[in-house]
Amino acid sequence: MEMVKLGKKGQVSIPKSVLQRVGITGEAPLLVETTDDGAIVLRQAVVYPVEIYSESRVNEFLEEDYLSASQEAEVKAVLQKKKSP
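Residues numbered from 1 in each chain as written. Predicted model: local features only at pLDDT ≥ 70, side-chain atom pairs only at ≥ 80, totals over all residues. Heavy atoms only, no water.

A. Representation of the overall build of the protein chain. Scanning the protein chain from N- to C-terminus turns up three helices and two strands. Against the 2.2 N^0.38 benchmark of 12 Å for 85 residues, the protein chain shows a C-alpha radius of gyration of 26 Å, more extended than a compact globule. On the principal axes, the C-alpha backbone points of the protein chain span a range of 70 × 40 × 25 Å. Once local pairs closer than 6 in sequence are excluded, the contacts in the protein chain between residues at least 24 apart make up 3%. Within the structure as shown, the protein chain displays about 8,500 Å² of accessible surface, and the carbon and sulfur contribution to it stands at 56%. Mean positive and mean negative side-chain charge positions of the protein chain (11 and 13 charges, respectively) differ by 10 Å. (Helix = DSSP H or I, 4+ residues; strand = E, 2+ residues; numbered from the N terminus. Rg over C-alpha atoms; globule rule 2.2 N^0.38 Å. Contact = heavy atoms within 4.5 Å. Areas by Shrake-Rupley, 256 points an atom, 1.4 Å probe, with all protein chains shown as cover. Lys, Arg positive; Asp, Glu negative; His and termini not counted. Charge placed at Lys NZ, Arg CZ, Asp CG, Glu CD.)

B. Here's a closer look at the confidence of the model for the protein chain. Summarising the model, the protein chain shows a mean pLDDT of 91, and 100% of its residues fall at 70 or more. Model confidence for the protein chain, summarised as mean pLDDT per element, is weakest for helix 3 (residues 69-83) at 91 and strongest for strand 1 (residues 30-34) at 95. (pLDDT = per-residue confidence, 0-100.)

C. Seen up close, the environment of Val78. Position of Val78 relative to the elements: it lies in helix 3. You can call Val78 partly exposed: its relative accessible area is 42%. As for Val78 and Ser68, which are separated by 10 residues in sequence, their C-alpha atoms are 16 Å apart. (Buried < 20%, exposed > 50% of the residue type's maximum accessible area, 1.4 Å probe, protein only.)

D. Quick peek at the packing of aromatic side chains. Tallied over the full model, the rule gives one aromatic pair. With centroids separated by 5.0 Å and ring planes inclined at 85 degrees, the aromatic side chains of Tyr53 and Phe61 adopt a geometry described as edge-to-face. Relative accessible area serves as the criterion here: at 41%, Tyr53 is assigned to the partly exposed category. (Phe/Tyr/Trp six-rings, centres within 6.5 Å; stacked < 30°, edge-to-face > 60°.)

E. Structural context of the pairing of strand 1. With five bridges connecting them, strand 1 and strand 2 (residues 40-44) associate as antiparallel partners. In the strand pairing of strand 2, Leu31 is matched with Arg43. Connecting strand 1 to the next strand, strand 2, in antiparallel fashion are five residues, including Gly38 with a positive phi near 90 degrees. (Pairing = 2+ DSSP bridges.)

F. Highlighting the pattern of salt bridges. The full count for this structure, using the stated rule, is four salt bridges. Glu60 serves as the salt-bridge partner of Arg57, at 2.7 Å between the closest nitrogen and oxygen. Taken together, the residues Arg57 and Glu60, both in helix 2 (residues 55-65) and three residues apart, mark about one turn of the helix. The class for Arg57 is partly exposed, based on a relative accessible area of 31%. Across the pair Lys76 and Glu72 runs a salt bridge, and its minimum N-O distance is 3.4 Å. Here Lys76 and its partner Glu72 are both found in helix 3, four residues apart, which amounts to about one turn of the helix. Overall, the relative accessible area of 37% leaves Glu72 in the partly exposed class. (Salt bridge = Lys/Arg side-chain N within 4 Å of Asp/Glu carboxyl O.)

Given below as structure tokens:
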């Protein structure tokens, strides 16, 4: 356990050794929460990249999902078998 000091503006510096132990590097976003017993918990926020798809890319996805009439009939037959007791 390491001791840190709360600054006048409410800021805390987290020791580098602590950050290294949990794998936080650089300017990582953190989530702050409190517990009922008065603890302050910091967790590294997970940020997922967002991709915006063009109309042509969406159409590529739709084409990949397309089923022919025979494939559709085959899927329906399998599903019917699973519904039957």
